[in-house]
Amino acid sequence: MTTENSQPGLVIVPEDVCKKVIDRASAFTAVESVFAAMAKGDAYNFPVIREAIGYADALYGFKSGFDRAGMALGVKSGGYWPGNAEKGLTNHQSTIFLFDPDTGKLTALVGGNYLTAVRTAASCAVSIAHLARKDAKTLGIIGAGHQASFQLRAAAEQRQFEKIVAWNKSPERLDSLAAVAADLGLPFESLDREQVAAQSDVIITITSAHEALLLNDWIRPGTHIACMGTDTRGKQEVDAQLFATASVFTDEVAQSISIGEAQHAVDQGLLTQDDITPIGDVINGVDGGRTSAEQITLFDGTGVGLQDLAVATTAVELAVAKGLATSVAL
Ligand code: NAD
């Protein structure tokens, strides 16, 4: 039974409505706020489940948590279906379920594909806003898959960048990034990885690589690196030695050392969890973040369920306010 938009019930916010109501600014605010809440202990993520289901080569799982500050309780459920592209579908599929923290009642069902892309871009943008040098001029991107264009657009808003440089394993995929750069009115150059490092003030890595693509010796003093691709055991994008050189920040320390980019440095004894600062501490002013122009800062963006819940909560509020949500009685 369909009810009025403003009536209580199960609110449904499909993918197309998420795209209409969540822009980069609202995603940034939601993600920055939840990182702040996590660092204060007001919000916490529950252990992540991710399993190969033994069918369709699919990986399926849940990311969930509770944000007492934002009153967001819920779960993002979904995963990776490698055969989807042939069916005209996105390989990554997810849906976000929100519950009333007072009653446990299911309150909203929100498409999670677009929101995953924008909340991941927002995470990286938050790290640049708080950790990159103010005079950063060149932005480097390693990777040119689905997520890379989102990262580029969100990052480009954080500093007065004058040039984009990029590398991808298959260079032809860089065309999509070049088009975004052109749209932003910025020059774009395809370079090898060492040259990307040599020219960049800010570098984003957003690949599915399982080996170091950037070496410690290549990174210039003063660089900010946002490692965004590693979200599973075994993936790797940068030299583990970089964790001994850089000041290391993350969305969540527990994920950073287990499934994030820091896993390799921890395994090699180059880093302990005490060496990693939650970015929420920087947002909250508890940690000074970047303290010199020469310091290399590294953000290990592992992707937490609370980010999904934060943007989904905002999407529900905006969709209901704009009359774009459907509501059904359960
Ligand atoms: P995608 O499949 O569209 O693109 C994958 C990218 O990785 C491409 O640029 C590809 O060329 C590159 N790549 C693959 N194998 C490589 C290798 N061995 N060496 C170098 N480059 C390689 O994926 P996507 O949606 O753009 O996501 C990129 C990565 O980010 C994935 O690993 C994904 O799991 C991860 N991710 C992280 C978060 C987060 O919150 N941290 C969120 C979404 C996606």
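Quick notes on the rules
- Residues numbered from 1 in each chain as written.
- Predicted model: local features only at pLDDT ≥ 70, side-chain atom pairs only at ≥ 80, totals over all residues.
- Heavy atoms only, no water.
- 1 Å grid on protein atoms, 1.4 Å probe; cavity = no way out; pocket = protein on both sides within 12 Å on 5 of 7 lines; lining within 4 Å.
- Points joined across faces, edges and corners; volume = space filled by probe spheres on them.
- Helix = DSSP H or I, 4+ residues; strand = E, 2+ residues; numbered from the N terminus.
- Nonpolar A, V, L, I, M, F, W, Y, C, P; charged D, E, K, R; others polar.
- Domains from an automatic or database assignment.
- Buried area = accessible area lost by both parts, 1.4 Å probe.
- Salt bridge = Lys/Arg side-chain N within 4 Å of Asp/Glu carboxyl O.
- Polar contact = N/O pair within 3.5 Å; in protein donor to acceptor, adjacent residues only side chain to side chain.

Visitor: Would you mind going over the layout of surface pockets in detail, with residue names and values included?
Guide: The volume enclosed by the second largest pocket comes to roughly 230 Å³. For the second largest pocket, the lining is made up of 13 residues, of which Met71, Leu98, Phe99, Thr107 and Thr313 are closest to its centre. Secondary-structure elements contributing two or more residues to the lining of the second largest pocket are β6 (72-80), β7 (92-99), β8 (106-111) and α11 (305-321). Take the lining of the second largest pocket: its biggest share by element is three residues, from α11. Of the residues belonging to the lining of the second largest pocket, the class tally is nine nonpolar, two polar and two charged.

Visitor: Outline the domain arrangement of the protein, supporting the account with residue identities and numerical values.
Guide: When cut into domains, the protein gives domain 1 (10-116 + 306-328) and domain 2 (133-303). Distance between the C-alpha centres of domain 1 and domain 2: 24 Å. When domain 1 packs against domain 2, close to 1,300 Å² is buried across both sides, 57% of that on carbon and sulfur atoms. Remark: the boundary between domain 1 and domain 2 carries one salt bridge. For the salt bridge of Arg24 with Glu157, the shortest nitrogen-to-oxygen distance reads 2.8 Å. Applying the counting criterion to the domain 1 and domain 2 interface returns four residue pairs in polar contact (both at pLDDT 80 or more). Those elements that place two or more of their residues in the side of domain 1 that touches domain 2 are α2 (24-40) and α3 (113-131). Among the elements that line the side of domain 1 that touches domain 2, the one with the most residues is α2, at eight residues. When the residues that make up the side of domain 1 that touches domain 2 are grouped by side-chain class, the tally is seven nonpolar, three polar and five charged.

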